[in-house]
Amino acid sequence: MLETISVKNIALIDELSLDFNAHLNVLSGETGAGKSILIGALSFLLGGKVTADIIRTGAAEAAVSGTFYLANTHPEAAAWLDERGIEPENNRILLRRTLKENGRGGIWIQDTQVSRAELEEFTSFLVDIHGQHDHQSLFKTAEHRRFLDSYAGILDEVRAFSLLYTRLAEIKAKLETIGRSEKERTERADYLAFVIDEIDNARLQPDEDEVLEAEETKLCQYEKLYEQVETLQNLCTQEQGIVPQLKKLQHISDSVAAIDPAVQEYAERIENAYYEMQDIGEFFSSYLSKLVFDPDRLEQVQERLSFINKLKKKYGATIKDILAYRESAQSELDSLGESEQDKTALEKEVPALEAKLFAAGTALSQKRKAAAADLQQNIQTTLTRLGMPKVIFTVQVTAAEPNGNKQTAGLYGFDSVEFLISTNPGEPVKPLNKIASGGELSRVMLALKTVLTAADEADTLVFDEIDTGIGGEVARTVAEHLKRLSDNKQILCITHLAVIAAAADTHIKILKIQSEHTSRTSAQQIDGEARIEEIARMLAGDEVSAASRIHAKELLSRQGSIG
């Protein structure tokens with residue numbers, strides 16, 4: 001879960017720090033105060049794409065950092081960190097990200113610098129943001145199958161199916177290679193042997209092309225190089241050059257130092273400069289004496305580079321790619337030599353595997369369809385309670401088209417899974433990402449997260465203005481759902497509704513502070529009278545009244561927030 005966040009120089013925020021609890025955290029404030037700016041800063045911390053426009057006017061750099069507590073329910077996140085040698089401290093991970101005016105920045109997980117893509121990949125295990133920003137994992141159709149399988153409790157069966165599928169695919173690939181006609185196999189083997197011999201005979205060395213290109217540049221510009229080195233040597237060693245002049249300076253400074261020791265330090269520096277320049281002059285003299293133009297060597301270098309470039313056109317863009325191609329050719333050549341005995345054994349294994357795969361895939365399809373109907377009903381019921389009574393929510397499980405008399409399989413079974421929805425009567429169901437309304441989006445996500453909470457590893461869910469277009473009984477139901485969801489998940493929610501704000505375990509008020517020349521966004525956790533005042537404002541608008549304060553106290557009292 002997200003424990004703390006510190007933001008500096010993001011949009012209207014100059015600097016602020018906030019602490020969050022493990023349950024329901026609500027952010028409220030007047031329109032335009034900067035609530036979504038804070039969510040944008042969090043999205044930036046999680047690896048979202050941004051431009052330098054987010055940097056506060058007049059600042060040179062934006063920075064956001066945050067501390068996450070990793071519970072034992074994050075095996076994928078723990079494995080990700082372990083692969084990169086990143087160790088949590090007391091089960092906590094510090095994320096930091098900066099951005100400069102020139103568009104460059106830095107990203108760190110603990111003390112390890114990472115790329116934006118790596119940051120985004122890691123934080124996808126920790127946080128989902130729903131609303132106007134990214135991290136909407138439920139919009140990814142590929143994830144729908146995983147959510148349904150988790151809901152159905154068949155993840156282990158799916159993994160077992162994947163192992164069978166992979167084994168069968170490997171065997172068929174080997175059989176395809178072995179089963180080529182003798183002529184095709186011979187022709188392929190001859191070609192692969194030619195490739196291996198050609199690359200081996202080339203005796204390529206790592207980075208050889210770079211070394212040769214540097215040598216070619218030196219040989220092609222020999223005259224210019226010789227002329228400039230000769231000039232350097234002359235400037236150092238001729239009678240009026242630097243070295244003789246420094247020698248004179250040395251004698252004079254030694255004489256001065258003998259009279260006044262106060263200049264001894266400078267005399268020694270002149271002496272050091274003399275020996276340093278003398279050494280430089282000797283180096284260039286030696287370098288010049290060995291500088292020889294060899295037209296034969298230039299021809300050899302250019303011929304070798306031309307040969308390497310021909311190999312690159314055939315086998316890869318770099319020497320590393322060419323050598324990798326050679327290894328791949330060797331591997332394929334070895335596989336062409338599989339014995340007939342191996343072929344017979346593999347052919348016997350295929351029918352047994354296909355039978356197991358068909359039985360396993362059929363069982364998965366049946367369980368998915370049964371679970372889909374149940375999941376569909378639960379989500380539709382939840383959406384109705386959330387103020388979307390006309391909604392039609394569908395969990396579509398579609399089997400792949402048969403290939404001849406065989407069922408087509410994929411790595412996870414025979415089925416593709418997609419969540420579809422229609423929010424208006426008479427409209428056909430569509431993919432989730434076709435929903436236009438932000439409020440509808442958020443409520444769909446809330447329903448899905450409520451039903452599928454056990455299937456999602458992310459501990460922190462962020463809802464940006466989930467209350468758009470709702471009120472009354474629906475708003476109360478949304479508040480109840482958020483509260484219930486926060487028993488198992490950390491919730492961060494931007495809201496305009498007092499009933500949702502009153503349900504919060506932590507209430508953070510966002511406010512815009514304006515002066516004659518500047519505007520800035522600030523945030524602070526509120527409780528007691530300050531919270532009553534904010535709830536009253538949310539109820540009544542700008543003009544807080546005695547009645548709205550009484551109503552605010554009643555709302556908070558119902559939630560157990562005040563005595």
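One can find the structure itself at the top, above this paragraph.
Engineer: Describe the environment of Thr382, with residues and values.
Structural biologist: Position of Thr382 relative to the elements: it lies in helix H13 (residues 340-385). For the pair Thr382 and Val451, spaced 69 residues apart in the sequence, the C-alpha separation amounts to 8.3 Å. Contacts of Thr382, omitting those with residues within four sequence positions, involve Ala447, Val451 and His481.

Engineer: So what's going on with the environment of Leu42? Which residues, and what values?
Structural biologist: In this structure, Leu42 sits in helix H1 (residues 35-45). In this structure the C-alpha to C-alpha distance between Leu42 and Pro261, which are 219 residues apart in sequence, comes to 64 Å.

Engineer: Give a detailed account of the pattern of salt bridges, specifying residues and quantitative values.
Structural biologist: The full count for this structure, using the stated rule, is 26 salt bridges. Linking Arg84 and Glu118 is a salt bridge whose minimum nitrogen-to-oxygen distance equals 3.8 Å. With Arg84 in the loop between helix H2 (75-83) and strand S5 (92-100) and Glu118 in helix H3 (residues 116-123), this pair connects stretches of sequence that are 34 residues apart. Classification of Arg84 by relative accessible area gives partly exposed; the value is 30%. Of the charged contacts in the structure, one is a salt bridge between Glu120 and Arg116, with a shortest N-O distance of 3.4 Å. Taken together, the positions of Glu120 and Arg116, both in helix H3 and four residues apart, correspond to about one turn of that helix. Note on Glu120: relative accessible area 28%, which makes it partly exposed. The exposure class of Arg116 is partly exposed, given its relative accessible area of 24%.

Engineer: Which residues make up the pairing of strand S15 (residues 519-526), and what values do they have?
Structural biologist: By the bridge criterion, eight bridges tie strand S14 (residues 506-514) to S15 in an arrangement that is antiparallel. Residue pairing for S15: His507 is matched across the bridge by Ile526. Where S14 hands over to S15, the hairpin turn is made up of four residues, counted between the paired strands.

Engineer: Help me get a handle on the packing of helix H9 (residues 242-259) against helix H10 (residues 264-290), residues and values and all.
Structural biologist: Where H9 contacts H10, the axes come no closer than 9 Å and their chain directions differ by 160°. One way to sum up the angle between H9 and H10 is to call them roughly antiparallel. In the packing of H9 onto H10, the handedness of the crossing is left-handed. Listed contacts from H10 to Ile242, Val243, Leu246, Lys247, Leu249, Gln250, Ser253, Asp254 and Ala257 of H9 are Gln264, Ala267, Ile270, Glu271, Ala273, Tyr274, Tyr275, Met277 and Gln278. Classifying every residue of the contact of H9 with H10 by side-chain character gives 11 nonpolar, four polar and three charged.

Engineer: Describe the sheet that holds strand S11 (residues 430-431), listing the residues and the values that go with them.
Structural biologist: Within a sheet, neighbouring strands are paired by backbone hydrogen bonds and run either parallel or antiparallel to one another. Strand order in the open sheet formed by three strands is S9-S10-S11, and the pairing between neighbours is antiparallel. Edge positions in the sheet fall to strand S9 (392-399) and S11, since each of these pairs with one other strand and no more. Contacts from helix H4 (residues 141-152) reach S9 and strand S10 (415-422) within the one sheet, and its direction differs from that of S10 by about 100°.

Engineer: Would you mind going over the packing of helix H8 (residues 222-237) against H9 in detail, with residue names and values included?
Structural biologist: Running from N to C, H8 and H9 point in directions that differ by 20°, and their axes come no closer than 3 Å. Overall, the two elements H8 and H9 adopt an arrangement that is roughly parallel. Where H8 approaches H9, its residues Leu235, Cys236 and Thr237 are matched on the opposing element by Ile242, Val243 and Pro244. Classifying every residue of the contact of H8 with H9 gives five nonpolar, one polar and no charged.

Engineer: Go over H3 with me, naming the residues and quoting the values.
Structural biologist: Along H3, the residues that are buried comprise Leu119, Phe122 and Thr123. The arc that holds every buried residue of H3, seen down its axis, measures 90°, which confines them to one face. Buried residues belonging to H3 abut H1, H2, S5, strand S6 (105-109) and strand S8 (127-130).

Engineer: Just give me the short version of helix H15 (residues 472-485), but keep the residues and values in it.
Structural biologist: Helix length check: H15 (14 residues) gives 20 Å between terminal C-alpha atoms against 20 Å at 1.5 Å per residue, within 8%. Taken together, the buried positions of H15 are Ala475, Thr477, Val478, Ala479, His481, Leu482 and Leu485.

Engineer: Before we move on, can you summarise the sheet that holds S5 with the specific residues and values?
Structural biologist: Judged by pairing direction, the sheet is antiparallel, and its six strands sit side by side in the order S2-S1-S4-S5-S6-S7 without closing on themselves. Here the strands that pair on one side only, and so sit at the sheet edges, are strand S2 (13-19) and strand S7 (112-113). Sheet analysis places strand S4 (residues 61-69) next to S5, joined by nine bridges and oriented antiparallel. Its bridge partner lying in S5, Ser65 is registered against Arg96. Strand contacts of H1: strand S1 (2-10), S2, S4 and S5, with the helix running at about 105° to S1, the strand carrying the most contacts.

Thresholds applied
Residues numbered from 1 in each chain as written. Predicted model: local features only at pLDDT ≥ 70, side-chain atom pairs only at ≥ 80, totals over all residues. Heavy atoms only, no water. Helix = DSSP H or I, 4+ residues; strand = E, 2+ residues; numbered from the N terminus. Contact = heavy atoms within 4.5 Å. Salt bridge = Lys/Arg side-chain N within 4 Å of Asp/Glu carboxyl O. Buried < 20%, exposed > 50% of the residue type's maximum accessible area, 1.4 Å probe, protein only. Pairing = 2+ DSSP bridges. Axes fitted to C-alpha atoms, helices over the stretch in contact; angles between N-to-C directions. Parallel < 35°, antiparallel > 145°, perpendicular 65-115°, else oblique. Left-handed = near helix turned anticlockwise from the far one by under 90°. Nonpolar A, V, L, I, M, F, W, Y, C, P; charged D, E, K, R; others polar. Arc of directions from axis to C-beta. Expected span 1.5 Å × (residues − 1).

Take it as geometry only, folks, not as evidence of what the structure does.
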